[in-house]
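# Secondary and tertiary structure notes
So you can see what is in the structure, the chains are spelled out below.
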Amino acid sequence: MLSLNERRNAVLPERLTPDIPAAVAQNQAPSADSAQASALSPGTVAQEVPAPEPPVPELQGEAIVMTAAAAPGIPAEQPSEYTAPSVPTTAQGADGPEGLNRAEAAGSLQQISGFQIDFINVGQGDAALVRCAGEAMLIDGGGAEDAQLIYAYLERRGITHLKAVVATHPHEDHVGGLAAALHLARADAVYCSCSEYDTKAFNDFKHAASAQGLEIRVPSPGEQFGLGNAVCTVLGPISPHPENLNNESIVLRIEYGNTGFLFTGDAEREEELEILDTGFWLSSSVLKVGHHGSSDATSYVFLDRVHPAYAVISCGAANEFGHPHEETLSRLRDCGTAVYRTDELGSILCASDGTNISIWAEP
Ligand SMILES: [Zn+2]
């Protein structure tokens, strides 16, 4: 594991991804990512990623969006039984914006040979299942009303073991469904930005963890752990923000081959600036947009450093906060980032073969 100083020393120059529009057009991860991979972990990450398998026949053609190559090794799966909450049926099964079609594939754990993220549609909340080479991690679990959904989603994909469960912060729309996940699957580690928070949702989460003999751990910036062939690095929180727990969100960057994925929880501008100050590598192919697309997150200066080709916004249809805010969408447009929203598309799936990114909506 690299120390914080080693990571800081490994940081590349200020402007990290100058050629993003071209990268988007070619559907390649920013080339600087590979430079960083070798700078931080020479001879490991990039080389360990297996060569992509031949495309699965069912995935060729219209199923995959914005990529020339189909997601490798992800065969078709039957549609889920459960119904995602609070999303109009008109948003289900329809083509999304910018030509996004629904794929005929979702992929179970056993079937996934590469790297896949499921941004699970939990309405106004966050939940993402990350799978790589037979290992799985859950980042947030939606609200308490999503408990059954989360349980069924994981169960259907054969998840009985989670390498890590990450609650980015203790708010109910992130931890509410995590107890259900822990009732289904054994976890190796459970992380949150705090270990005490006096709400029923958090205490249910904590009790489910302790029933497995696990204590909630608050990770430190720079801490790393593996998930299959992927490397997860904790970038935040940096400092306490008792006045606004959003700014204590665990921020996690996952690197798989030459592709990077940044999860920011509900971090707002203050935490973004703190993370920028650390000098951590931020450039990522895909950004899970902070705070459901609220204008208080995804600041220009932060976005400039992340410079994602793709962004996923997890929010509820017609939510009371007006998320995502137009200011955020405007910034993402200015960055040339393609935006996918769970309120419009339902659950959004994202696969990487280490070089190419595929994004599609759950059928
Ligand atoms: Zn939230």
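Residues numbered from 1 in each chain as written. Predicted model: local features only at pLDDT ≥ 70, side-chain atom pairs only at ≥ 80, totals over all residues.

### Here's the deal with the nonpolar core
- V130, V165, A181 and L252 are the most contacted members of the largest nonpolar core, which has 89 residues in total.
- Of all the elements, helix 5 (residues 147-156) adds the most residues to this core, at 6 residues.
- In contact with V130, not counting residues within four places along its chain, are I117, A136, M137, I139, L227 and I254. (Core = buried A, V, L, I, M, F, W, Y, C linked by C-beta atoms within 7 Å. Buried ≥ 20, exposed ≤ 12 C-beta atoms within 10 Å, placed from the backbone. Helix = DSSP H or I, 4+ residues; strand = E, 2+ residues; numbered from the N terminus. Contact = placed C-beta atoms within 7 Å.)

### Digging into the sheet that holds strand 7 (residues 190-192)
- Spatially, the 8 strands line up as an open sheet ordered 8-7-5-3-2-1-16-17, and their pairing is mixed. The outermost strands of the open sheet, each flanked by one partner alone, are strand 8 (216-217) and strand 17 (357-361).
- Here strand 16 (residues 348-352) pairs with strand 17 via 5 bridges, running antiparallel. The residue of strand 17 that forms the bridge with I348 is A361. (Pairing = 2+ DSSP bridges.)

### A look at helix 8 (residues 200-210)
- Of all the positions in helix 8, only A201, F202, D204, F205, K206, A208 and A209 are classed as buried.
- Structurally, helix 8 contributes buried residues whose contacts are with strand 5 (164-167), helix 6 (172-175), helix 7 (178-184), strand 7 and strand 8.

### Considering the pairing of strand 15 (residues 338-341)
- Sheet topology note: the strand 14 (residues 310-313)/strand 15 ladder contains 4 bridges and is parallel. Residue I313 lies in a different strand from strand 15, and its bridge partner there is R341.

### Description of the sheet that holds strand 15
- Pairing in this open sheet of 7 strands is mixed, and the strands run 9-10-11-12-13-14-15 from one edge to the other. Only two strands of the sheet have a single neighbouring strand rather than two, namely strand 9 (224-227) and strand 15. Strand-to-strand, the axes of this sheet are offset by a mean angle of 20°, without reference to chain direction.
- Relative to strand 14, strand 13 (residues 286-288) runs parallel, the two sharing 3 bridges. By the bridge assignment, K288 is partnered in strand 14 with V312. (Axes fitted to C-alpha atoms, helices over the stretch in contact; angles between N-to-C directions.)

Read these as spatial facts, not as claims about activity.
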